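Structural description and commentary
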Amino acid sequence: MIDSESTEVRCSEQSKGGLKYELVLAEPTLDSPKAVSQTPPKSNISIEDIEKKLRAAEERRQSIELQKINLVTEKLSHLETVKVKKEEVNHNFMQTAKENLEQKLECMKENRETHIKNIQEKAREIVQKVDEKRKAGDSPDREEKLEAINKKLVVAQEQREALLASLQERLKEHDKHILEVKKQMEEQTENLREKSIKKLEIAQAKREALMKEIQEKIKEHKTHILRVRQMNELNQQEGGEKLQQIHKKLCTAELKRSEQIQAMLEKLQEHERHVVQVRQK
């Protein structure tokens, strides 16, 4: 038999991705692994064993049933005790509520009787006081008391009349003050009216003067347009450079004049708006 260790050739290599493996070259070995039997071992079970297992299973079943029965009986007994306790609690509650209600009724009855007694005593006291005052009114000091009361009434009447007189004087003064204020307001409104009329007249005069000025400028503009047309005709006939320059100057002057007229018209519109605002005031 050749020794396998002497003929082994080992080689290792590592790839770029990080994997490493080792290759071993050797002669085959003669030792083969033992074959594992796949058939299960035979079990020798007798009839007695089967009967024992059945008996044990029956005993377990009976014990489980007994446990269930015991649990049910315990729950039923617990429910009975709870029911009894609930009935006792309800009975005690009803008894205490009845006793409390009876006590409250007794207290209310006692309070009612005491209240009635107090009212009767107060009524007796009032009747006694009235009788005492009636008896005191028949005393000899009655005339003096009546005189004092009459004097007080006279003084109160005099004070009332004086107060009314002072109030009437104040009302008269207030009416006078109102009339004075009314006159002042009328004078102020009249002054404002006169000032506004004067402002409107001045604005109207300015507007008329401005309109005349605009009309004169429009006439001048028309004459200027005629001159420009004549110069254009001459320019077309003669065709000189000087005439072209003059034509350009006239065109620029015409543009400036039209701009001035436009500005004057805008001023006129603003003036008219101002006049309308003054009239509204």
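Bear in mind that the values here come from a model prediction, so they are computed numbers and not experimental data.

**So, the overall build of the protein**
- On a plain count of helices and strands, the protein comes out with 3 helices and 2 strands.
- Ordering the α and β elements of the protein from the N terminus gives β-β-α-α-α.
- Long-range contacts, defined here as pairs at least 24 residues apart, represent 50% of the contacts in the protein between residues at least 6 apart.
- Surface summary for the protein: the accessible area is close to 27300 Å², and the carbon and sulfur share equals 55%.

**Structural notes on the pattern of salt bridges**
- Applying the stated criterion across every chain yields a total of 3 salt bridges.
- Its salt-bridge partner being E58, residue R61 comes within 2.2 Å of it at the nearest N-O pair. Note that R61 and E58 are positioned in helix 1 (residues 47-137) at a spacing of 3 residues, about one turn of the helix.
- Take R61: its relative accessible area is 39%, and that puts it in the partly exposed class.
- Bridged by salt links that share partners, the residues E58, R61 and E65 form one connected network.

**Description of the confidence of the model for the protein**
- For the protein, mean pLDDT is 78; residues scoring 70 or higher make up 76% of the total.
- Across the protein, the element-wise mean pLDDT spans from 64 in strand 1 (residues 9-14) up to 86 in helix 1.
- Scored below 50 in pLDDT, residues 1-5 makes 2 contacts in the model with residues more than four places away or belonging to other chains.

**Re a negative patch on the surface**
- Residues E99, E102, E106, E110 and E113 make up a contiguous surface patch of negative charge.
- One can find E106 in helix 1.

Reading the values: the criteria
- Residues numbered from 1 in each chain as written.
- Predicted model: local features only at pLDDT ≥ 70, side-chain atom pairs only at ≥ 80, totals over all residues.
- Heavy atoms only, no water.
- Helix = DSSP H or I, 4+ residues; strand = E, 2+ residues; numbered from the N terminus.
- Contact = heavy atoms within 4.5 Å.
- Areas by Shrake-Rupley, 256 points an atom, 1.4 Å probe, with all protein chains shown as cover.
- Salt bridge = Lys/Arg side-chain N within 4 Å of Asp/Glu carboxyl O.
- Buried < 20%, exposed > 50% of the residue type's maximum accessible area, 1.4 Å probe, protein only.
- pLDDT = per-residue confidence, 0-100.
- Patch = residues over 30% accessible without salt bridge, like charges linked within 9 Å, V, L, I, M, F, W, Y side chains within 5 Å.
- Lys, Arg positive; Asp, Glu negative; His and termini not counted.
- Charge placed at Lys NZ, Arg CZ, Asp CG, Glu CD.

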